[in-house]
There are 2 protein chains.
Amino acid sequence: MFRTHTCGELCISHVSQKITLSGWVHIIRKFGAITFVDLRDRYGITQLIFEESFSQAALVDTLGREFVIQISGCVRERSNKNPAIATGEIEILVSQLTILNKAVTPPFTIQDDTDGGDDLRMKYRYLDLRRNQIKKNIELRYAVNRAARNYLHAQQFIDIETPFLIKSTPEGARDFVVPSRMNEGQFYALPQSPQTFKQLLMVSGYDKYFQIVKCFRDEDLRADRQPEFTQIDCEMSFVEQEDILLTFENMLKHILKEVKHIDYLEKVERMSWANAMWSYGNDKPDTRFGAILCNLKYPAHTFPGRPDLSNLISEAAFKVFDEAETVISLSFPGCSEYSRKQTDELTEWVKRPQIGMQGMVFIKMNTDGSIKSSVDKFYSAAQLKAIAEATNAQIGDLILILAGSEERTRKAAAELRLYMADRLGWRKSNEFKLLWITDFPLFEYDAEGNRWVARHHPFTAPKPEHVNTMINHSPKIEDAARYLEHPFASILANAYDMVLNGNEIGGGSIRIFQRTLQEKMFEALGIDKEEQVQKFGFLLGAFEYGAPPHGGIAFGLDRLCAILGGSESIRDFIAFPKNNSGRDVMLDAPSAIENTQLNELNIQLKK
Amino acid sequence: MFRTHTCGELCISHVSQKITLSGWVHIIRKFGAITFVDLRDRYGITQLIFEESFSQAALVDTLGREFVIQISGCVRERSNKNPAIATGEIEILVSQLTILNKAVTPPFTIQDDTDGGDDLRMKYRYLDLRRNQIKKNIELRYAVNRAARNYLHAQQFIDIETPFLIKSTPEGARDFVVPSRMNEGQFYALPQSPQTFKQLLMVSGYDKYFQIVKCFRDEDLRADRQPEFTQIDCEMSFVEQEDILLTFENMLKHILKEVKHIDYLEKVERMSWANAMWSYGNDKPDTRFGAILCNLKYPAHTFPGRPDLSNLISEAAFKVFDEAETVISLSFPGCSEYSRKQTDELTEWVKRPQIGMQGMVFIKMNTDGSIKSSVDKFYSAAQLKAIAEATNAQIGDLILILAGSEERTRKAAAELRLYMADRLGWRKSNEFKLLWITDFPLFEYDAEGNRWVARHHPFTAPKPEHVNTMINHSPKIEDAARYLEHPFASILANAYDMVLNGNEIGGGSIRIFQRTLQEKMFEALGIDKEEQVQKFGFLLGAFEYGAPPHGGIAFGLDRLCAILGGSESIRDFIAFPKNNSGRDVMLDAPSAIENTQLNELNIQLKK
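What this report covers is the structure whose coordinates are included nearby.

1. Considering the overall build of chain A
At step 1: Of regular secondary structure, chain A possesses 17 helices and 23 strands.
At step 2: With the C-alpha coordinates aligned to their principal axes, the bounding extent of chain A is approximately 90 × 75 × 55 Å.
At step 3: Total accessible area computed for chain A in this model is approximately 24,600 Å², and 48% of it derives from carbon and sulfur atoms.
At step 4: Counting 72 positive and 81 negative side-chain charges, chain A places the averaged centre of each group 3 Å from the other.

So this is what it looks like as structure tokens:
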């Protein structure tokens, strides 16, 4: 037996007991002939003491950091207690030492603040995983996994495994494919999601399905994307949108309670996609704080029926605003006294290529009651005051105004809002705010093909009140310039995203469950009958044998864990992640394979 | 809202309540103007009654089997109760009917005894999954999954996801590979198991790991093999074999309790590999019954130190036995009165090519005290009696004796034992017997290459007492004919299999955790230094930084579920299985892919 206890459990009640521990040498401290060793395992750290009289003194001298040892000894009360650790009241007077395995010096220190760079840490991931912070992340991930499972189990969901070697069903991204040796010239695809399978399980009557499952997308990797990622994938039958929103906001509340010990008692806000774009500039707003966008000017067709404030800026002959498609202002409390240097910094920030603005206008609502602005010479104090009022600004606020083309300016305003919030410390990693975004457009316009593409995926149902619009109109866009006037542009989807602290953590929809409507949808997306049958024949077939109304959602587990762990990076919440080239640098994968294997698979490399 | 209740929950206490249900039309029965409909969902069946006065009578007439409907109505007590179902005391007097989706006639009936053949059932798997038996299997699978998780969680195991896109690490079977678009000419492999990752997690200090995870093997599919399969994969640090056996026999007991409500109180028997081969003829004996093999004759080198009974058969000039390498007898109680027809049947059975015997000898211990045998003319009654005594036969037993070459005869005896047990009803699907097999040989002799191959895998440790044999001898086999005399032939592995009712349901080992011994192991298997570093460099490296002693096990979830479900076939315990050609006939996968995709992946089909 290697141990009677772990390194995390001995306390004052064990004093005088003879015990055996195994673990890693964490720290060695020598005081003359006495040696202290902190022995570490997953569960904690226990202090060992090798006294002068210890019979294997020479062996103690050979110990180094990260050696794996086994000791036996007697638990005794410490004279110098350490309240910071669970075992801080005791130490072990060692009577027997065995070195189970030696260790060479690690290429970086295994500490919270490691000296290992990203590449070194990835190459020696098995050492990086020893670091306390990464260990906490991996444990948090398991806690989230388990909390989700327990919640879903209590709600009568059942975990059903779906296959990994499937058929290529394009969902926007590229599939990873797997050549079949037994079926010459043919390929499996790895699933981008179990979408069609979970829908089939609803047709099969399983009612409530879930799976925590790996999915695969062969995309060019942006920072913080992984070619394989994990979803909490769920589907329910006989539900409307409201049933799903309630079920899954409660799942998130359960996870917050179990993992972060947070009682999330308030109702989760629901916001339409249009309202999110109008008030926050994007569809995943961080609603932990205000600084809501004021739309001083915008193209009429983008937000029909909204107030027109353009007179507030149009009577000053200020060319920048007059020529801009969109002008948006935001107000930040307590920033009115920003120095010239600080406002210059902000201007430089919005002019970065990633943001792409030409410049920025500010209005300072000084605490002395005066108003100062970078456009003083165009706007009177009264005009500035009117803009400030529209922006809901108070004395002490700094108003920032962006102008330019609609899409870019709105995006920039959303980014600027987050950037300022970061600067102002408004985005606390231990404060969590959930939000549902609903009523997405069903289609997106693809300018290149002058056609419609699915905003979510081809299985998402239109809002019931928009079904007839879809059935009764041709998808054909006669005049590309006026695509927004096509009836399809105004069809809303029965879809929803869940947002946590400004990150999309999940998304789903009520699905189409009638063959005719599904065919109409494929047709709208330019998938002809033949292709429909070839790619989705099994699903269209299934819809004929008694398919129930159903809908579902999928959560990105990697991202959810990162946010709950207070981190921006998903990589440290994945035990063995890949780098931005899709490589596992520890394994050195992918790698070349033998020609014999290629031959067996009936493929060859392209010359 | 589609329903206020499910079809499985209404009972006498709901009488007079107004409720709404949704589900499938299971059965329609008409009695004049009154129509009864059994409405089905995952949770049960509820009887609906449409009375003569029902306002939508015409709509009722359009209903067909498997239509999806929603009804509202009032719960009332049945006059004619059905105690067989949970809702049998009530029925619903329907006041409102909505057809949610129509259904065409299914290609086979959705009943316990379906008229659908295997191909049809696989093509319409989403309908097959509606059948009660398959639904029970899928639910059982979830129950096993959950019981395993809960047990492992309570034992402080944590679920850690390991990657699917990895490096090809040959473990005996072929890898499925995935061409990398971003790394030209290179391939990922899909894991045959997370073996090296779980070992790395032990090096990282995670102490107790588990994962219920898909694994992949590109093998020629025998019946009841799947290219993708699921393992309950586990690893522990600071353990000896005994720790693992106890931990996982308790897991199986927990699963039996949770899933089958069986209190498995007895200790799980441990049997050495040599004893299993000696007494049962294979290494996964079904020990629910006796009929233990009696080794009348065997090659001396195969079972050193065992008793020699060959004199019992050698003094009769019976050429068949005299010329045979191995002679094995088995005794079956209550079969002494088998007719000539029955013994002939058995003889034909052992002569089938799959069994490959030349014939069979029997001795009948007749109930009248006489002994009758097919070799009466060679053996005296006293000689036959001596053989019977050695076989532990009683009056009323039928003794069957096989003779031939060692390997084939032993295998045939094991098969015959199971075949007779099946005939005699000894293999009850609701009786469960666990067994550990231990002390496997570390190496197997590969005659083709005149070399050693790993019986389990290259990471399995030899028994501590055999380590020196491995270190101190060259793996080179000088004389192929006498390979059994090579010191490596007698090295035992620190490995174990778990057997349930004659099926191997899990296997594992204590691992090598020292770089030098691992290198020695690779060397024994003919993997040279360069290949070691190229394929397993990360693992060898990890062993240098403080690797703890560790070991683990993996259970085949598909097989375990099939046995617990009382079935021989794993396929009906997998939601979407593949056929024997590795095809998903529902999806029609694998399939051809576009040339553009091949180009992107830098591969082409072989001409």
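2. Notes on the interface of chain A and chain B
At step 1: In this complex, chain A contributes 122 residues to the contact, which on the side of chain B involves 123 residues.
At step 2: Taken together, the two surfaces of chain A and chain B that pack against each other cover about 11,400 Å², and 58% of this comes from carbon and sulfur.
At step 3: Remark: the boundary between chain A and chain B carries 10 salt bridges.
At step 4: Here chain A is connected to chain B by 71 residue pairs in polar contact (both at pLDDT 80 or more).
At step 5: Looking at the side of chain A that touches chain B, the element that brings in the most residues is helix α4 (residues 132-154) of chain A, giving 11 residues.
At step 6: Grouping the constituent residues of the side of chain A that touches chain B by class yields 65 nonpolar, 27 polar and 30 charged.
At step 7: Relative to strand β23 (residues 603-605) of chain B, strand β23 (residues 603-605) of chain A runs antiparallel, the two sharing three bridges.

3. What about the relation of the copies chain A and chain B?
At step 1: Under the fitted operation, chain A is carried onto chain B by 0.0 Å of movement along the axis and a turn of 180°, and the coordinates agree to an RMSD of 0.0 Å. Here the two chains are linked by the operation of a two-fold rotation axis.
At step 2: Mapped onto chain B, 100% of the interface residues of chain A again fall at the interface, so both copies present the same surface.

4. Quick notes on the nonpolar core
At step 1: Formed by 102 residues in total, the largest nonpolar core has its most connected members in I232, F248, M251 and F443 of chain A.
At step 2: Among the elements that line this core, the one with the most residues is helix α6 (residues 241-260) of chain A, at eight residues.
At step 3: The residues touching F248 of chain A, leaving out its near neighbours within four places in the chain, are L152, F157, C234, M236, W436, M498, I553 and F555 of chain A.
At step 4: With 101 residues, the next largest nonpolar core counts F459, M521, L557 and L564 of chain B among its residues.

5. Examining the packing of aromatic side chains
At step 1: Applying the stated criterion across every chain, the model contains 69 aromatic pairs over all chains.
At step 2: On the basis of an interplanar angle of 45° and a centroid distance of 6.2 Å, the ring pair of F321 of chain A and Y379 of chain A is categorised as tilted. Separated by 58 residues along the polypeptide, F321 of chain A in helix α9 (residues 319-323) and Y379 of chain A in the loop between β15 (371-373) and α11 (381-390) bring together distant segments of the chain. The pair F321 of chain A / Y379 of chain A is uniform in exposure class, with both members buried.
At step 3: For the pair F31 of chain B and F36 of chain B, a centre-to-centre distance of 5.6 Å together with 80° between the ring planes defines the contact as edge-to-face.

Basis of the calculations
Residues numbered from 1 in each chain as written. Chains lettered and ligands numbered in written order. Predicted model: local features only at pLDDT ≥ 70, side-chain atom pairs only at ≥ 80, totals over all residues. Heavy atoms only, no water. Helix = DSSP H or I, 4+ residues; strand = E, 2+ residues; numbered from the N terminus. Areas by Shrake-Rupley, 256 points an atom, 1.4 Å probe, with all protein chains shown as cover. Lys, Arg positive; Asp, Glu negative; His and termini not counted. Charge placed at Lys NZ, Arg CZ, Asp CG, Glu CD. Contact = heavy atoms within 4.5 Å. Buried area = accessible area lost by both parts, 1.4 Å probe. Salt bridge = Lys/Arg side-chain N within 4 Å of Asp/Glu carboxyl O. Polar contact = N/O pair within 3.5 Å; in protein donor to acceptor, adjacent residues only side chain to side chain. Nonpolar A, V, L, I, M, F, W, Y, C, P; charged D, E, K, R; others polar. Pairing = 2+ DSSP bridges. Least-squares fit on C-alpha atoms with pLDDT ≥ 70 in both. Core = buried A, V, L, I, M, F, W, Y, C linked by side-chain atoms within 4.5 Å. Buried < 20%, exposed > 50% of the residue type's maximum accessible area, 1.4 Å probe, protein only. Phe/Tyr/Trp six-rings, centres within 6.5 Å; stacked < 30°, edge-to-face > 60°.

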